[in-house]
Amino acid sequence: MTNARFIKSVIKSAEANTTQMPWARGARRAAFIAKRKNDTITPTHLRKSA
């Protein structure tokens, strides 16, 4: 009985989760891509690795 109740509570909390992931589509991702495209100070092809 307690296992079924635990599973139900986990499913309920997972459905209520609204955390946005960084790779999710939307304004945040579009801003990140725009920033990456406008990288004029240190272009990625000129960066030196350690």
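Figured I'd write up the structure that's included with this text. (Residues numbered from 1 in each chain as written. Predicted model: local features only at pLDDT ≥ 70, side-chain atom pairs only at ≥ 80, totals over all residues. Heavy atoms only, no water.)

## Thoughts on the overall build of the protein
Test applied: A run of DSSP states H or I qualifies as a helix once it reaches four residues; a run of E qualifies as a strand once it reaches two. Both are numbered from the N-terminal end. A simple rule labels every residue: compare its accessible area, found with a 1.4 Å probe on the protein chains alone, to the largest value its type can have, and call it buried under 20%, exposed over 50%, or partly exposed in between. Each accessible area is a Shrake-Rupley result for a 1.4 Å probe, and residues are judged covered by the shown protein chains and nothing else.
Broken down by element type, the protein carries two helices and zero strands. Counting every position in the protein, which comprises 50 residues, the buried fraction comes to 2%. Of the accessible surface of the protein, which amounts to about 5200 Å², a share of 60% is contributed by carbon and sulfur atoms.

## Let's talk about helix α1 (residues 2-16)
Our working rule: Helix span is expected to be 1.5 Å times the residue number reduced by one.
Here α1 is 15 residues long and its end C-alpha atoms lie 21 Å apart, about the 21 Å a rise of 1.5 Å per residue gives. The buried count for α1 comes to zero of 15 residues, which makes it a mostly uncovered element.

## Describing a nonpolar patch on the surface
What counts, and what does not: Patches here are clusters of residues that have more than 30% relative accessible area and form no salt bridge, with a 9 Å joining cutoff for like charges and a 5 Å cutoff for nonpolar side chains (Val, Leu, Ile, Met, Phe, Trp, Tyr). Salt bridge criterion: a side-chain nitrogen from Lys or Arg within 4 Å of a carboxyl oxygen from Asp or Glu.
Among the surface-exposed residues, Phe6, Ile7, Val10 and Ile11 lie close enough to one another that they form a single nonpolar patch of about 360 Å² accessible area. Relative to the helices and strands, Ile7 resides in helix α1.

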